[in-house]
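# Remarks on the overall topology
This is what each chain is made of:
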Amino acid sequence: MAFFDHLTAVQPGEKNRTLQRFVHLNRSRTQREKSGQFAMEGFRLVLDALESGVRLSSLILTEKAATQYGEAFAPFLKGVNVVLLADAAAGEISDTETAQGVFAMGTMPPEQILLPQKGDRCMLLHSLQDPSNLGAIMRTAEALGTDGLYLYHCCDVYNPKTIRSSMGALFRIPFCRISDVDAFTSVCRDAKLPLCAAVVDRDARSLKAFDCSAGAVVCIGNEGNGLPRAFSDACDCKLTIPMSPKSNSLNAAMAAGLFLWEMSRYM
């Protein structure tokens, strides 16, 4: 690729400041929050980020990836620090089993400012701690549609597992992190939006009877403990997913997906 000809490949074991920074961002939430930067890996994910307006500070490509994907990245490379990595060195920074040889560091987009509005069909994620669950919910929310995804005390949205499992949805869906759940619920009530607690309780209202034609906020709790009892008791209704008597729970991402599916019927 002509626009890579002037670059020198980084050989296996060779120290490079850009590679070291990528590894630090990939492994440390503290480093990400301190710098406002995040790391990502994979051709489709990096291209999705670029096409969604994410600004890259650095792009790292193996020699093979530069040949294979260089043309796709070329329109976005103005002002981007590009490093060529020897193919054999990719495993030194990759945290996937089948590395494509595409790595990047991007600037976190500004936090979105969202407020629940009358008629919205949205979701509150309360204390989710599994990055893969969070990313999967984001991906499903993009596919099925949502007026907002609100995150309270959840894991890092820029965790590499969150980014990968979101399949780029992180860069496109309306979401925001909230720090005061009581203030959030107050805004919902002012907007006449019922708060619906998703619970594992056979006495709760069945999801099959869920009517959100006038809008609703579905609240999904922590993977292990669900929603705090005081919070779910304060919600306007409790909803449960009918299950086999032999089953007592669903994965948080799967449960959220079923609720998003039901809400999508009214979008």
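Preceding block: the structure.
What counts, and where the lines are drawn
- Residues numbered from 1 in each chain as written.
- Predicted model: local features only at pLDDT ≥ 70, side-chain atom pairs only at ≥ 80, totals over all residues.
- Heavy atoms only, no water.
- Core = buried A, V, L, I, M, F, W, Y, C linked by side-chain atoms within 4.5 Å.
- Buried < 20%, exposed > 50% of the residue type's maximum accessible area, 1.4 Å probe, protein only.
- Contact = heavy atoms within 4.5 Å.
- 1 Å grid on protein atoms, 1.4 Å probe; cavity = no way out; pocket = protein on both sides within 12 Å on 5 of 7 lines; lining within 4 Å.
- Points joined across faces, edges and corners; volume = space filled by probe spheres on them.
- Helix = DSSP H or I, 4+ residues; strand = E, 2+ residues; numbered from the N terminus.
- Nonpolar A, V, L, I, M, F, W, Y, C, P; charged D, E, K, R; others polar.
- Arc of directions from axis to C-beta.
- Pairing = 2+ DSSP bridges.
- Axes fitted to C-alpha atoms, helices over the stretch in contact; angles between N-to-C directions.
- Parallel < 35°, antiparallel > 145°, perpendicular 65-115°, else oblique.
- Left-handed = near helix turned anticlockwise from the far one by under 90°.

## Here we look at the nonpolar core
The biggest cluster of nonpolar side chains holds 59 residues, and the ones touching the most others in it are Met40, Leu59, Phe73, Met123, Leu125 and Met138. Setting aside anything within four residues of it in sequence, one finds Met138 in contact with Leu149, Leu151, Val157, Thr162, Ser166, Ala169, Leu170, Ile173 and Phe175. Among the nonpolar cores identified, the runner-up in size contains 20 residues, and Tyr152, Leu195, Leu227 and Cys235 belong to it.

## Examining empty space enclosed by the protein
Within this structure, the stated rule accounts for one cavity of 30 Å³ or more. As a volume, the largest cavity reaches approximately 40 Å³. Lining the largest cavity, in full, are Phe22, Asn26, Ala39, Met40, Glu41, Asp95, Pro160, Ile163 and Arg164. Of all the secondary-structure elements, those providing two or more residues to the lining of the largest cavity are helix H1 (17-27), strand E2 (37-41) and helix H6 (160-166). Broken down by class, the residue content of the lining of the largest cavity amounts to five nonpolar, one polar and three charged.

## Thoughts on helix H4 (residues 63-73)
Every buried residue belonging to H4 is among Ala65, Ala66, Tyr69, Gly70 and Phe73, and all of these are buried. The arc that holds the buried residues of H4, viewed along the axis, is 145 degrees, so those residues lie on one side. Exposed residues lying more than 90 degrees from the buried face of H4 are Lys64, Thr67, Gln68 and Glu71. Packing partners of the buried residues in H4 comprise helix H3 (43-51), strand E3 (56-62), strand E4 (81-85) and strand E5 (102-107).

## Quick word on the sheet that holds strand E7 (residues 149-152)
Pairing within the open sheet is parallel, and its seven strands lie in the order E8-E7-E6-E11-E9-E12-E10. One side of each edge strand has no neighbouring strand; the edge strands of this open sheet are strand E8 (175-178) and strand E10 (205-206). Pairing between E10 and strand E12 (residues 237-240): two bridges, direction parallel. Directly across from Arg205, in E12, lies its bridge partner Leu239.

## Brief notes about the packing of helix H5 (residues 131-144) against helix H9 (residues 252-264)
Any two packed helices are characterised by the angle at which their axes cross and by the distance between the axes. Closest axis-to-axis distance for the H5/H9 pair is 9 Å, and the angle between their directions is 15 degrees. The angle between H5 and H9 places the two elements in the roughly parallel class. The chirality of how H5 crosses H9 is right-handed. Counted together, Asn133, Ala136, Ile137, Thr140, Ala141 and Leu144 of H5 and Ala252, Ala253, Ala256, Gly257, Leu260, Trp261 and Ser264 of H9 form the full contact between these two elements. Grouping the amino acids of the contact of H5 with H9 by side-chain chemistry returns nine nonpolar, four polar and no charged.

## Quick look at H3
Across the nine residues of H3, seven count as buried, placing the element largely inside the fold. Among the residues of H3, those classed as buried are Phe43, Leu45, Val46, Leu47, Asp48, Ala49 and Leu50. Summarising the contacts, the buried residues of H3 are in contact with E2, E3, H4, E5 and H6. Two residues or fewer past H3, Gly53 is found with a positive phi of approximately 95 degrees.

## Some details on the layout of surface pockets
Counted as a void, the largest pocket has a volume near 510 Å³. Lining the largest pocket are 26 residues, and of these Ala198, Val199, Val200, Gly226 and Leu227 lie nearest its centre. For the lining of the largest pocket, the secondary-structure elements that each account for two or more residues are helix H8 (229-234), E12 and H9. For the lining of the largest pocket, a count of residues per class yields 13 nonpolar, nine polar and four charged. Here the second largest pocket is characterised by a volume of approximately 200 Å³. The wall of the second largest pocket is formed by 13 residues, among which Glu41, Gly42, Leu45, Gln100 and Arg164 lie closest to the centre.

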